[in-house]
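# Inside the fold
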Amino acid sequence: MNIASRMAQIEPFHVMELMARAQTLEAEGKSIIHLEVGEPDFATADPILEAARAFLAGGHVHYTAALGLAPLREAVSGFYHARYGIEVSPERIVITAGASGALLLALGVLVNPGDEWLQPDPGYPCNRHFVRLLEGKAVPLPVDAASNFQPDAAQLESAWTSRTRGLMLASPANPTGTLIAPDVMDALADVVAKKSGSLLVDEIYHGLTYDIDATTALATRDDVFVINSFSKYFGMTGWRLGWLVAPQRYIKEIEKLAQNIYIAPSTLAQHAALAAFKPETIAILESRRQEFAARRDILVPGLRALGFQIAAESRGAFYVYANSQKLADDSFRFAGQLLTEAGVAATPGLDFGSNAPEQHMRFAYTVAQPQIEEALDRIAAYLALRNS
Ligand SMILES: Cc1ncc(COP(=O)(O)O)c(C=O)c1O
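The structure contained in this document is the topic of the report that follows.

Rules and cut-offs
- Residues numbered from 1 in each chain as written.
- Predicted model: local features only at pLDDT ≥ 70, side-chain atom pairs only at ≥ 80, totals over all residues.
- Heavy atoms only, no water.
- Helix = DSSP H or I, 4+ residues; strand = E, 2+ residues; numbered from the N terminus.
- Rg over C-alpha atoms; globule rule 2.2 N^0.38 Å.
- Buried < 20%, exposed > 50% of the residue type's maximum accessible area, 1.4 Å probe, protein only.
- Areas by Shrake-Rupley, 256 points an atom, 1.4 Å probe, with all protein chains shown as cover.
- Lys, Arg positive; Asp, Glu negative; His and termini not counted.
- Charge placed at Lys NZ, Arg CZ, Asp CG, Glu CD.
- Pairing = 2+ DSSP bridges.
- Near = heavy atom within 4 Å.
- Polar contact = N/O pair within 3.5 Å; in protein donor to acceptor, adjacent residues only side chain to side chain.
- Nonpolar A, V, L, I, M, F, W, Y, C, P; charged D, E, K, R; others polar.
- Salt bridge = Lys/Arg side-chain N within 4 Å of Asp/Glu carboxyl O.
- Expected span 1.5 Å × (residues − 1).
- Arc of directions from axis to C-beta.
- Contact = heavy atoms within 4.5 Å.
- Phe/Tyr/Trp six-rings, centres within 6.5 Å; stacked < 30°, edge-to-face > 60°.

### Comments concerning the overall build of the protein
Check the secondary structure of the protein and you find twelve helices and twelve strands. Scaling as 2.2 N^0.38, a compact globule of 388 residues should have a C-alpha radius of gyration of about 21 Å, and the protein matches this with 21 Å. In terms of overall dimensions, the protein has C-alpha extents of about 65 × 55 × 50 Å along its principal axes. The buried share among the 388 residues of the protein stands at 54%. Accessible area for the protein stands at about 16,300 Å²; split by element, carbon and sulfur atoms hold 54% of it. For the protein, the separation between the mean place of its 32 positive charges and that of its 43 negative charges on side chains is 4 Å.

Have a look at this one:
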């Protein structure tokens with residue numbers, strides 16, 4: 001086999017192994033509650049589905065421009081105005097194949113072979129693999145509960161070396177659900193600017209924040225790459241649509257790359273997404289946000305009562321990153337036991353980096369409240385049996 005050597009460093013999602021086991025158990029008739037899934041459980045909102053049907057009825061499903069449909073780029077620009085009160089020119093907005101496509105385009109125009117990119121660990125696993133794919137080197141920036149699982153300017157300053165070219169952040173973050181405060185984001189951006197580096201901020205979980213509003217990094221600066229998506233808040237994971245806001249001087253290069261990698265994002269998905277910003281859609285999405293908050297308010301105290309430690313509370317996304325050290329030495333093994341013995345699937349820390357992964361697990365509140373309650377009861381029953 002002539003597999004490229006880089007592939008040895010591109011890991012699969014370890015949780016897939018667990019999900020395969022879950023599927024086998026389900027096929028045998030066992031009930032599994034899925035708290036490992038990183039996508040909203042709701043169906044695509046009706047106004048979006050209606051827009052898609054209306055477009056399909058016309059039958060003209062051709063390529064769009066590589067940077068996306070002009071009306072959709074304008075709609076995203078309007079969204080920045082409506083939600084954050086800021087002006088972002090549609091010319092700087094690139095519609096992409098999910099946040100994944102946005103990450104690939106941004107890093108594709110920025111990363112040279114051997115360049116080092118700093119990324120919080122734990123963090124979204126694909127980030128380091130994108131950098132590796134482009135022959136760069138992802139360098140972990142260890143963060144923990146004491147720092148709200150986010151880096152600060154002093155840490156960044158001391159981690160930056162002569163080989164560092166950029167910093168990748170996410171707020172709210174996966175797997176921790178924590179946000180970066182606006183003043184901290186500003187200070188981090190100042191360090192990156194001082195070092196003449198590039199800053200990428202993944203805002204895919206914006207809109208899914210509870211008791212707090214997220215501020216976009218674009219509010220205070222233009223020299224930043226912001227990643228966003230229709231996947232999470234807009235509940236359109238399977239449509240594969242996102243966007244990238246980039247400094248104007250990079251847009252031509254990004255356009256070339258998009259043309260070459262995938263020609264254009266999905267035409268059907270773009271026409272559907274035109275309805276994503278309608279008031280009636282936003283009303284549906286906001287009621288879903290309330291539902292996520294209610295689920296979180298069951299899951300967090302429930303996990304704590306079981307013995308999980310949650311020092312940095314989830315204030316966004318739909319994840320709780322819990323320390324399982326008091327319950328088990330190895331979260332990967334523990335996740336396997338919870339699956340087979342309790343019928344509860346959760347993601348072990350191993351998927352999110354090398355910073356104490358064996359002590360952590362990610363629980364997603366992407367199932368209905370009664371299922372969360374049932375999952376907590378099942379774990380409690382398993383622990384009681386195990387400890388008896
Ligand atoms: C932090 C983060 N960024 C990007 C993505 C990719 O999202 P998509 O390509 O569906 O927009 C995910 C998906 O889980 C994520 O958690």
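### Focus on the pairing of strand β6 (residues 198-202)
Both faces of the sheet carry side chains from a regular strand, because those side chains alternate between them. Most of β6 is tucked away, with five of its five residues classed as buried. Pairing of strand β5 (residues 164-170) with β6, which is carried by five bridges, proceeds in the parallel orientation. Note on β6: the bridge partner recorded for M168 is L200. Pairing between β6 and strand β7 (residues 225-229): three bridges, direction parallel. From the neighbouring strand, L200 faces β7, where its bridge partner is F225.

### Let's talk about the site of the ligand
Around the ligand, the surrounding shell consists of G98, A99, S100, Y124, N174, D202, I204, Y205, S229, S231, K232 and R240. Residue S229 places a side-chain N or O atom 2.6 Å away from an oxygen atom belonging to the ligand. Within the side chain of S231, an N or O atom sits 2.7 Å from an oxygen atom of the ligand. Coverage of the ligand by the protein chains reaches 92% of its 400 Å² of free accessible surface. Here the shell around the ligand takes three residues from helix α4 (residues 98-110), the largest share from any one element. In terms of residue class, the shell around the ligand is built from four nonpolar, five polar and three charged.

### Observations concerning the pattern of salt bridges
Evaluated as defined, the whole model comprises 21 salt bridges. Linking K137 and E116 is a salt bridge whose minimum nitrogen-to-oxygen distance equals 3.8 Å. Placement of K137 in strand β4 (residues 137-142) and of E116 in strand β3 (residues 116-121) is noted, with a sequence separation of 21 residues between them. Here E116 falls in the buried class, since its relative accessible area comes to 9%.

### Side note on helix α7 (residues 182-194)
The terminal C-alpha atoms of α7, which comprises 13 residues, lie 18 Å apart, in line with the 18 Å expected from a rise of 1.5 Å per residue. M185, L188, A189, V191 and V192 are the residues of α7 that are buried. Buried positions in α7, seen along its axis, are confined to an arc of 155 degrees and lie on one side of it. Residues of α7 that are exposed and point over 90 degrees away from its buried face: D183 and K194. Turning to α7, the residues buried within the fold contact α6 (153-159), β5 and β6. Remark: S196 follows α7 within two positions and exhibits a positive phi of approximately 55 degrees.

### Topic: the packing of aromatic side chains
Following the criterion strictly, the structure yields 23 aromatic pairs and no others. When the centroid spacing of 5.8 Å and the interplanar angle of 65 degrees are considered together, the rings of F230 and F277 count as edge-to-face. Of this pair, F230 sits in the loop between β7 and β8 (242-245) while F277 sits in the loop between α9 (267-273) and α10 (279-306); the two residues are 47 residues apart in sequence, bridging distant segments of the chain. Counting every residue linked through ring pairs, the aromatic cluster contains F79, Y80, Y84, F230, Y233, F234, W243 and F277.

### Notes on the environment of A264
Mapped onto the elements, A264 comes out in the loop between α8 (251-262) and α9. For A264, a relative accessible area of 13% corresponds to the buried category. Along the sequence, A264 and T64 sit 200 residues apart, while their C-alpha atoms lie 6.0 Å from each other. The contact partners of A264, leaving out residues within four places of it in the chain, are T64, A65 and A66.

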